[in-house]
Amino acid sequence: MPAGTDDMGAAAADPRSAGLGHRLHTPERGTDATPYGRDTAGWAPERGGYGRDTAGRAPEHGGYGRDTAARTHERGGYGLTAEPAVRTADHPPDAGGPETAGHALGKPDLLAAAARIAPYVVRTPLLPGPVTEAHGTGLLLKAEHLQLGGSFKMRGAANAVLALGADRVVTGSSGNHGIALARIARTLGIRLTVVLAAGAMPSKAAAIRALGADTVQVGGGVAEREERARALADEQGAVLVPSSDHPLVVAGQGTVGLELLAAAPDTETVYVPTGGGGLLAGVCVAAAGHPVRVVGVEPALTPRYARSLAVGHPVRLPASATVADGLRGQCPGAVPYPVIRDRVDELIAVGDAEILAATALLHRLGIGAEPSGAVALAGALRAGRRERAVAIVSGGNTPARLHPPHHTPAHTLTRHDTKEPTP
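About the cut-offs
- Residues numbered from 1 in each chain as written.
- Predicted model: local features only at pLDDT ≥ 70, side-chain atom pairs only at ≥ 80, totals over all residues.
- Heavy atoms only, no water.
- Helix = DSSP H or I, 4+ residues; strand = E, 2+ residues; numbered from the N terminus.
- Buried < 20%, exposed > 50% of the residue type's maximum accessible area, 1.4 Å probe, protein only.
- Contact = heavy atoms within 4.5 Å.
- Areas by Shrake-Rupley, 256 points an atom, 1.4 Å probe, with all protein chains shown as cover.
- Salt bridge = Lys/Arg side-chain N within 4 Å of Asp/Glu carboxyl O.
- Pairing = 2+ DSSP bridges.
- Axes fitted to C-alpha atoms, helices over the stretch in contact; angles between N-to-C directions.
- Right-handed = clockwise from strand over helix to strand, strands pointing away.
- Parallel < 35°, antiparallel > 145°, perpendicular 65-115°, else oblique.
- Left-handed = near helix turned anticlockwise from the far one by under 90°.
- Nonpolar A, V, L, I, M, F, W, Y, C, P; charged D, E, K, R; others polar.

Novice: Help me understand the overall build of the protein chain, please; the structure alone is not making it clear to me.
Specialist: Along the backbone of the protein chain there are 12 helices and 13 strands. Within the protein chain, the proportion of its 423 residues that are buried is 60%. Residue pairs in contact within the protein chain that sit at least 24 positions apart in sequence constitute 69% of those at least 6 positions apart. Total accessible area on the protein chain is roughly 15600 Å²; 55% of this is exposed by carbon and sulfur atoms.

Here's what the structure looks like:
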């Protein structure tokens, strides 16, 4: 099967068949090796793909950049104006946390997050990546599958809960965010309810319940899950902590980028798996003022950021069954979207076959990644650039690792919500 296809058919990874519109063009190189991104100025062959170019090449940063007039100079980075994403009236952020409205996220927020979450996370290593003809020995892997809770999600979850001071929390999750919140909730004595979509992995749902959280499962996809989580938070008088769409969550995820660039400051490109966009946005903030290229990698079956950037506003895609179960988000988040829009250099789509091949390659290297955790490597392999690069292995919560228990603890509650989603 060609590299640019997946088990749903060859067209899935082709930007033209993905409905990306005239602003995303396919170079005459064949769809099997074509990364794509926003393009307002044409093909950039020296970049190996289409990238954003709104102000011409920025030689001092080694690539095409956004208009420098939009840079938030006083914060030393690219910022956003974030709309409120959670109800925090009873639990205001602590003095070190970003506001949920009118706040431009910057490196100070990431540094504050790093200090806040330090007792609850580990500093994950950079591991040697696979030696390939294209990359040679220049590809490293940021091992977030070794993070507590099995994924990078522990960072954003811990930062949000600690800063908000909540005693009752609701979230919607594909699994890893729920596991991370359940771990921190158990530690802090917080009551947690996790809303899961119909396609959530049973092993992840069981792990959440084993950690003492309640679960509610809804029909439909991520959009219906998030709608139910918002309603349930209102019903319970709880604080909603989204999996990606909150400044505190983005700031926590951004500590991955801080660590990566501190450990390997000469990194030329970082490949970031992209679902809801919290990790990609966080890395974008961490990369402010650094010449590193930031490349988001999306499953070809759900390229929500590529399509949204193509039309200039967030769009909602149908529910997806991509093998990367943690990256099935249907619409960009209000908080991550402007950060990604203003800083990301490129977006690459990878098919399910590529994701599974990258997962198998990591397993041969002794790295127990789940498919979502292998997406960034799949993007790096597809790009095929000889460079000093880092691919983020975002998670390793495979069924074998989770060892789901046979019995749900008596003090937990599992509900299957069959309410029809609101049109």
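Novice: Explain the pattern of salt bridges to me, please; I cannot follow it from the model alone.
Specialist: A pair can form between side chains of opposite charge whenever their charged atoms are brought close. Considering all chains together, one arrives at 16 salt bridges under this definition. Linking Glu-298 and Arg-304 is a salt bridge whose minimum nitrogen-to-oxygen distance equals 3.5 Å. As far as burial versus exposure is concerned, Glu-298 and Arg-304 are alike and both buried. Put simply, Arg-341 and Asp-342 hold a salt bridge, and the shortest N to O gap is 2.8 Å. Three or more residues joined by partner-sharing salt bridges are found here, namely Lys-142, Glu-144, Arg-155 and Glu-259.

Novice: Would you mind showing me how to read helix α11 (residues 375–383) here?
Specialist: Residues three or four positions apart in an α-helix share a direction because the helix packs 3.6 residues into each turn. Buried residues dominate α11, accounting for 8 of its 9 residues. Burial in α11 covers these residues: Val-375, Ala-376, Leu-377, Ala-378, Gly-379, Ala-380, Arg-382 and Ala-383. Buried positions along α11 lie against β4 (139–143), β9 (269–273), β10 (293–299), β11 (346–350), α10 (352–364) and β12 (389–393). Where α11 terminates, the next one or two residues include Gly-384, which has phi positive at roughly 65°.

Novice: Is there a simple way to explain the environment of Lys-142 in this structure?
Specialist: Tracing the backbone shows Lys-142 in strand β4. You can call Lys-142 buried: its relative accessible area is 1%. Separated by 115 residues in the primary sequence, Lys-142 and Gly-257 have C-alpha atoms spaced 9.5 Å apart. Contacts of Lys-142, omitting those with residues within four sequence positions, involve Thr-124, Pro-125, Leu-126, Arg-155, Val-256, Glu-259, Leu-260, Val-390, Ala-391, Ile-392 and Val-393.

Novice: Mind showing me how you'd approach the environment of Gly-368 here?
Specialist: For Gly-368, the position within the fold is in the loop between α10 and α11. For the pair Gly-368 and Thr-398, spaced 30 residues apart in the sequence, the C-alpha separation amounts to 7.7 Å. Residues contacting Gly-368, with those up to four places away along its chain left out, are His-145, His-363, Gly-396 and Thr-398.

Novice: What is the right way to read the sheet that holds strand β3 (residues 126–128) from this model?
Specialist: Strand order in the open sheet formed by 6 strands is β3-β4-β12-β9-β10-β11, and the pairing between neighbours is mixed. Two strands close off the open sheet at either side, each with one partner strand: β3 and β11. Averaged over all neighbouring strand pairs, the angle between strand axes comes to 30°, with direction disregarded. Note: β9 against β12, 3 bridges, orientation parallel. Looking at the pairing, Thr-269 lines up with Ala-389 of β12. Of the strands in this sheet, β10 and β11 are in contact with helix α8 (residues 304–311), which crosses β10 at around 115°.

Novice: Looking at this structure, I do not really get the environment of Ala-112. What am I missing?
Specialist: If you trace the backbone, Ala-112 turns up in helix α1 (residues 107–117). With relative accessibility at 22%, the residue Ala-112 sits in the partly exposed group. Separated by 140 residues in the primary sequence, Ala-112 and Gly-252 place their C-alpha atoms 8.9 Å from one another.

Novice: How do you make sense of the pairing of β11 when you look at a structure like this?
Specialist: Here is the key point about a regular strand: its side chains alternate between the two faces of the sheet. Buried residues dominate β11, accounting for 5 of its 5 residues. Side chains of β11 alternate between two faces, with Glu-346, Ile-348 and Val-350 and Leu-347 and Ala-349 buried alike.

Novice: Just checking my understanding: could you explain the side chain of Ser-244 for this structure?
Specialist: Note that Ser-244 resides in the loop between β8 (239–240) and α6 (247–263). Not counting chain neighbours up to four residues away, the residues in contact with Ser-244 comprise Val-249, Val-250, Gly-276, Gly-277, Gly-278 and Pro-336.

Novice: I'm lost on the pairing of β10 in this one. Help?
Specialist: The element β10 is largely enclosed, with a buried count of 7 among its 7 residues. What you see with β10 is no split at all: Arg-293, Val-295, Val-297 and Pro-299 on one side and Val-294, Gly-296 and Glu-298 on the other are buried throughout. Pairing of β9 with β10 involves 5 bridges; the strand directions are parallel. When the sheet's bridge partners are listed, Thr-269 is paired in β10 with Arg-293. With helix α7 (residues 278–286) bridging β9 and the parallel β10, this β-α-β connection has right-handed handedness. Examined bridge by bridge, β10 and β11 share 5 bridges and lie parallel to one another. In the strand pairing of β11, Pro-299 is matched with Val-350.

Novice: I keep staring at the packing of helix α3 (residues 176–188) against helix α4 (residues 202–210) and nothing clicks. Help me out?
Specialist: To characterise two packed helices, one gives the angle between the axes of the helices and the distance between these axes. Packing of α3 against α4 brings their axes to within 9 Å, and their N-to-C directions diverge by 10°. By the angle class used here, α3 and α4 are roughly parallel. Viewed along their axes, α3 and α4 form a crossing whose handedness is left-handed. Between α3, through Asn-176, Gly-178, Ile-179 and Ala-182, and α4, the contact on the second element is made entirely by Lys-204, Ala-207 and Ile-208. The class makeup of the residues in the contact of α3 with α4 is 4 nonpolar, 2 polar and 1 charged.

Read these as spatial facts, not as claims about activity.
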